[in-house]
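What follows is each chain in one-letter form.
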Amino acid sequence: MMKYKMHVLVCGGTGCKSSDSDMIAHNLRTAIDQKGLTEEVQVVMSGCFGFCEKGPIVKILPDNTFYVHVTPSDTTEIVEEHLVKGRRVERLLYKDPQRDEIISDSKHMGFYKKQVRIALRNCGFIDPESINEAIARDAYQALGKVLKEMTPQQVAEEIKKSGLRGRGGAGFPTGLKWEIASKSPGPEKYVVCNADEGDPGAFMDRSILEGDPHSVLEAMAICGYCIGASNGLIYIRAEYPLAIERLKIAINQAREYGLLGKNIFGTDFSFDIELKYGAGAFVCGEETALIHSMEGQRGEPTFKPPFPAVAGYKMKPTNVNNVETYANIPVIIMNGAEWFASYGTEKSKGTKVFALAGKINNVGLIEVPMGTKLKDVIYDIGGGIKGNKKFKAVQIGGPSGGFLTEKHLETEIDYESLTAAGSMMGSGGMIVMDDSDCMVAMAKFYLDFTVEESCGKCSPCRIGNKRLNEILEKIAQGKGTIEDLELLRNLGNVIKDTSLCMLGGSSPNPVLSTLDHFYDEYLAHVKDHKCPAGQCKALMQYIILPENCVGCTACARNCPVNAITGERKKPHVIDQAICIKCGACVEKCKFNAVVVQ
Amino acid sequence: MEKVKTLDDLKKLKEQLKSTIELREKSNNPESHVQVKVAMATCGIASGAREIMSFFMDELRKRNIDAIVSQTGCMGYCYAEPTIELTIPGHEPVVYGNVTKAKADEIIEKHIKNGILVDGIIPVTYQNINKK
Ligand SMILES: Cc1cc2nc3c(=O)[nH]c(=O)nc-3n(C[C@H](O)[C@H](O)[C@H](O)COP(=O)(O)O)c2cc1C
Ligand code: SF4
Ligand code: SF4
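Residues numbered from 1 in each chain as written. Chains lettered and ligands numbered in written order. Predicted model: local features only at pLDDT ≥ 70, side-chain atom pairs only at ≥ 80, totals over all residues. Heavy atoms only, no water.

Draft legend 1. Here's a closer look at the overall build of chain B. A tally of helices and strands in chain B yields four helices and five strands. Along the chain direction, N to C, the helices and strands of chain B fall in the order α-β-α-α-β-β-β-α-β. Counting all 132 residues of chain B, 50% fall into the buried class. With an accessible surface of roughly 6600 Å², chain B has 51% of that area assigned to carbon and sulfur atoms. (Helix = DSSP H or I, 4+ residues; strand = E, 2+ residues; numbered from the N terminus. Buried < 20%, exposed > 50% of the residue type's maximum accessible area, 1.4 Å probe, protein only. Areas by Shrake-Rupley, 256 points an atom, 1.4 Å probe, with all protein chains shown as cover.)

This is how it looks when you write it as structure tokens:
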């Protein structure tokens, strides 16, 4: 076996791959070969490091050097300087935006310091296309352990004791779910992995599947043993080609080793896994809709009960869990329920993966212990607000999560506290907004999404959300009234209470929570016909201040619709009836004469 | 690929495969390992740093000592190459100059195993070569 002196990890997640990380790895290998170092340096395409903002990322071990924004043409320098001469390539190192200091060692980066990686333990560490590297990190040992040493009931007990709750949104206790499915009678049962991940901007599950597919396969097999199922199904959206590819490779490798298939570890337990593709409808992430979609029917939710654990896929008892939920299972079995439960808060154990996005410095994928304060995530891990602007709100939980504000920054992240504060854990979207974001516009942005994605089966969601959206549009146009605000609230609550599934049941949350926390901003729209953040175009006016205008004509020459008139060297005027509010004149004016009101 | 028939098979397989990612495991918490950094700039390589690095890697492995052997840039002691920087967990780093295989052997046996400093230390005028 080769003994490598150095390992070069190149991020092979979807994000970095789309910025040429394949080429980077290829060039590195070529340059390493030219220097005769092939036997000393190993180049590995790993899963996502999470720090996607800075991608493509190349990490060099053992010295933990973290290179950011690497391009294929940087590779020669990395090889010649770092690998041959041992000198770091300064210009590619990460620079701390707050302290303006170069940090070469990823262990010292604020982004990683407060993270605890349990579900992401192997992401960015192993080559996801190599089952051997996964096995070197203990993959499939937990499966061996449950088959050899534990009864199905003990497995359910252990998971119950760990306090693990579903990471797909609802937060239902996983061990209890397994126990219910295991007690459902029937010779034919199914284990389903929900990899639909429909939230816009979310990529937690994708990263796990791309970076560590074996953890999910192993967990599904453990679940199969626990509930008495021999068939596993992964429902994954067709828009995830890389995750699908890596899952296929992983399933085949596991079959070759006999870790999936008949008589696993020489026992009479058999289990195999099949992929099912979704077309990317948000509602198909809802478990009953997901099951119908897998059965080849329309992807529409049906009333629960019966729950899938009693009558799911093909009306057989079915356990549905989220990707991240599964990724936690093998380590819980290996390290014990107590170990897992030592992370987190009283009712929310372990960690949660979030996709951090919006107006924040460090956009990326993070994993923090439950109970971490929001402000630590936003300021320490996230590196604060972009462009030193002021924090305004954070929206958590996907398109139907609620908005939290400055006064919630001390909130500890767990299922109960987020719900109590008016948001929810959801599946782990976390979008940060600054003071240039209009809350009416943001609420509308999310509602646009849910209106689009509603399956239309029940009227509160189909019609109600559409009406909500129309009222928001009216407010954004400056035509709203005080009564509209009351209507928004009432209608929102009715939709929540009467919708068939949780899509409708939660879709008014962005509207309701912004009404709660930013009522003044709504009032400004309906009473003063002003948008304080300057986002709602209908409520803004571009005007030219005569005292500043020198009549240089720069604005008039650049206005696409000729809305600006005026003689040379005399103050210009904007005709509001023609202006389309494109902002071109503001950019062109060198005298700060054009302002937004 | 041969089938994995029992949990013991799997554990054996893991033991065999462990070394493939050992370097990455150790890098995860370098502070808790003995670290040997070999200066590998032009001057170091010219005076045999590459062989010294291999020697440390092979010998530490043979003698079952958990250590991270890595390369670093020129430390500025070109007159004394090859130089190495040795860090024992919980102790300040120490730099040795003119490290031959015999010297390396002595360093492993005395300093790394028993904590006894050996001859050849270069006065340390800095805290750590990679202070960033
Ligand atoms: C509209 C809607 C969309 C959902 N989308 C997802 C999804 O993309 N992924 C997911 O795991 N769960 C999703 N869920 C939650 C699932 O219905 C189900 O609760 C979950 O898969 C159960 O797994 P868990 O207990 O491991 O969280 C969604 C629910 C609703 C109402
Ligand atoms: S709430 Fe919306 S998405 Fe859910 S069933 Fe009703 S119409 Fe369909
Ligand atoms: S905002 Fe655009 S359309 Fe309006 S006056 Fe300026 S340049 Fe013309």
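Draft legend 2. Representation of the nonpolar core. Residues Leu143, Val155, Trp178 and Ile234 of chain A are the most contacted members of the largest nonpolar core, which totals 78 residues. The next biggest cluster of nonpolar side chains, apart from the first, holds 40 residues, and it includes Val44, Met370, Val377 and Tyr415 of chain A. (Core = buried A, V, L, I, M, F, W, Y, C linked by side-chain atoms within 4.5 Å.)

Draft legend 3. Here's a closer look at the pairing of strand β7 (residues 190–195) of chain A. Residues and elements named next belong to chain A. Among the six residues of β7, six are classified as buried, and the element is accordingly described as predominantly covered. Two elements, β7 and strand β8 (residues 231–237), share six bridges in a ladder whose sense is parallel. Counterpart to cysteine 193 in the pairing with β8 is isoleucine 234. In this structure, β7 lies alongside strand β10 (residues 318–322), joined through five bridges in parallel fashion. In the sheet register, valine 191 faces β10, and the bridge partner there is asparagine 319. (Pairing = 2+ DSSP bridges.)

Draft legend 4. Expanded view of the interface of chain A and chain B. On the side of chain B, 44 residues touch chain A, which itself brings 48 residues to the contact. Our count for the chain A to chain B interface comes out at 14 residue pairs in polar contact (both at pLDDT 80 or more). Looking at the side of chain A that touches chain B, the elements with two or more residues in it are β1 (6–11), β2 (41–46), α3 (75–85), α5 (131–136), α6 (141–149) and α11 (241–256) of chain A. Split by residue class, the side of chain A that touches chain B holds 20 nonpolar, twelve polar and 16 charged. (Contact = heavy atoms within 4.5 Å. Polar contact = N/O pair within 3.5 Å; in protein donor to acceptor, adjacent residues only side chain to side chain. Nonpolar A, V, L, I, M, F, W, Y, C, P; charged D, E, K, R; others polar.)

Draft legend 5. Quick look at the site of ligand 3. Of all residues adjacent to ligand 3, which total 13 residues, the nearest are Cys559, Cys579, Cys582, Gly583 and Cys585 of chain A. Here the residues of the shell around ligand 3 are counted per class, giving eleven nonpolar, one polar and one charged. (Near = heavy atom within 4 Å.)

Draft legend 6. Up close: the sheet that holds strand β3 (residues 58–61) of chain A. Spatial strand order, β2-β1-β3-β4 (chain A): four strands in an open sheet with mixed pairing. Where the open sheet ends on each side, the last strands, each with one partner, are β2 and β4 (65–67) of chain A. Averaged over all neighbouring strand pairs, the angle between strand axes comes to 20°, with direction disregarded. In this sheet, β3 of chain A lies alongside β1 of chain A in antiparallel orientation, the contact comprising four bridges. Of the residues in β3 of chain A, the one forming a bridge with leucine 9 of chain A is lysine 59 of chain A. Contacts from helix α1 (residues 7–28) of chain B reach β1, β2 and β3 of chain A within the one sheet, and its direction differs from that of β1 of chain A by about 80°. (Axes fitted to C-alpha atoms, helices over the stretch in contact; angles between N-to-C directions.)

Draft legend 7. The environment of aspartate 437 of chain A, seen in detail. All names here are of chain A. Mapped onto the fold, aspartate 437 is located in the loop between β15 (429–434) and α17 (439–453). Judged by its relative accessible area of 8%, aspartate 437 falls in the buried class. Spatially, the C-alpha atoms of aspartate 437 and alanine 393 are 8.9 Å apart, while their sequence positions differ by 44 residues. Residues in contact with aspartate 437, not counting those within four places in the same chain, are Lys359, Lys392, Met442, Glu521, Ala533 and Gln535.

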